[in-house]
Amino acid sequence: MFRGITTLNLDAKGRLSIPAKYRKSLGICCDGKVVITVDLLEPCLQLYPLPEWEAVERKLVALPAHNRQARYIKRRLIGHAEECELDGHGRILLPLELRSRTELGKNITLVGQGNKFELWDSMVWERQMAKEEASAKEELTRELALLAL
């Protein structure tokens, strides 16, 4: 189970050091093998332990081939999926193609999502959270105003 938010740095070669608290779990569940792919809705990457990704991939492959939206989803998620392995120092090399698709810079925010992680550029993550918080406050204000009527 992957939870919590951690700020990390990419090294000059594009490697990300996975925090020690997750390395053991990744070693046990997938022998350090992960799959990284794009996110369909957000400017971030998704990092799955290999067995979790394989379950997702089976569902994607089962989508109807004649459905235009299903083909788009498959092309994006499976087409951009890259299998990576933790090295002896607990690092993974983030493929350049994926880094550039999400404009990941040096500072990365790793966000646990239970069975996977999201990888965000830290500045983009902060902007996204501020935007979502403002939206949530606005919605809550509307709901409270209705109660006052």
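Residues numbered from 1 in each chain as written. Predicted model: local features only at pLDDT ≥ 70, side-chain atom pairs only at ≥ 80, totals over all residues. Heavy atoms only, no water.

Caption draft 1: Here's a closer look at the environment of Asn115. Along the chain, Asn115 falls in the loop between strand 7 (107-112) and strand 8 (117-121). Sequence separation between Asn115 and Glu132 is 17 residues; the distance between their C-alpha atoms is 23 Å. Residues within four places of Asn115 in sequence aside, it is in contact with Phe2, Pro49 and Glu52. Within the structure, the side chain of Asn115 is placed 3.1 Å from the side chain of Glu52, a separation counted as a polar contact. (Helix = DSSP H or I, 4+ residues; strand = E, 2+ residues; numbered from the N terminus. Contact = heavy atoms within 4.5 Å. Polar contact = N/O pair within 3.5 Å; in protein donor to acceptor, adjacent residues only side chain to side chain.)

Caption draft 2: Geometry of the environment of Arg58. Mapped onto the fold, Arg58 is located in helix 2 (residues 50-61). On the basis of relative accessibility, which here comes to 56%, the residue Arg58 falls in the exposed class. For Arg58 and Glu138, which are 80 residues apart along the polypeptide, the C-alpha to C-alpha distance reads 39 Å. (Buried < 20%, exposed > 50% of the residue type's maximum accessible area, 1.4 Å probe, protein only.)

Caption draft 3: The arrangement of the pairing of strand 8 in detail. Buried residues dominate strand 8, accounting for 5 of its 5 residues. Of the two faces of strand 8, both are covered, the one formed by Phe117, Leu119 and Asp121 as well as the one formed by Glu118 and Trp120. For strand 4 (residues 45-49) and strand 8, the ladder comprises 3 bridges, and the chain directions are antiparallel. When the bridges of strand 8 are listed, Leu45 appears paired with Leu119. Sheet topology places strand 7 next to strand 8; 5 bridges connect them, and they run antiparallel. Looking at strand 8, one finds that Ile108 is bridged to Asp121. With antiparallel pairing between neighbouring strands as the criterion, strand 7 and strand 8 make up a hairpin whose turn holds 4 residues, including Gly114 at a positive phi of roughly 90°. (Pairing = 2+ DSSP bridges.)

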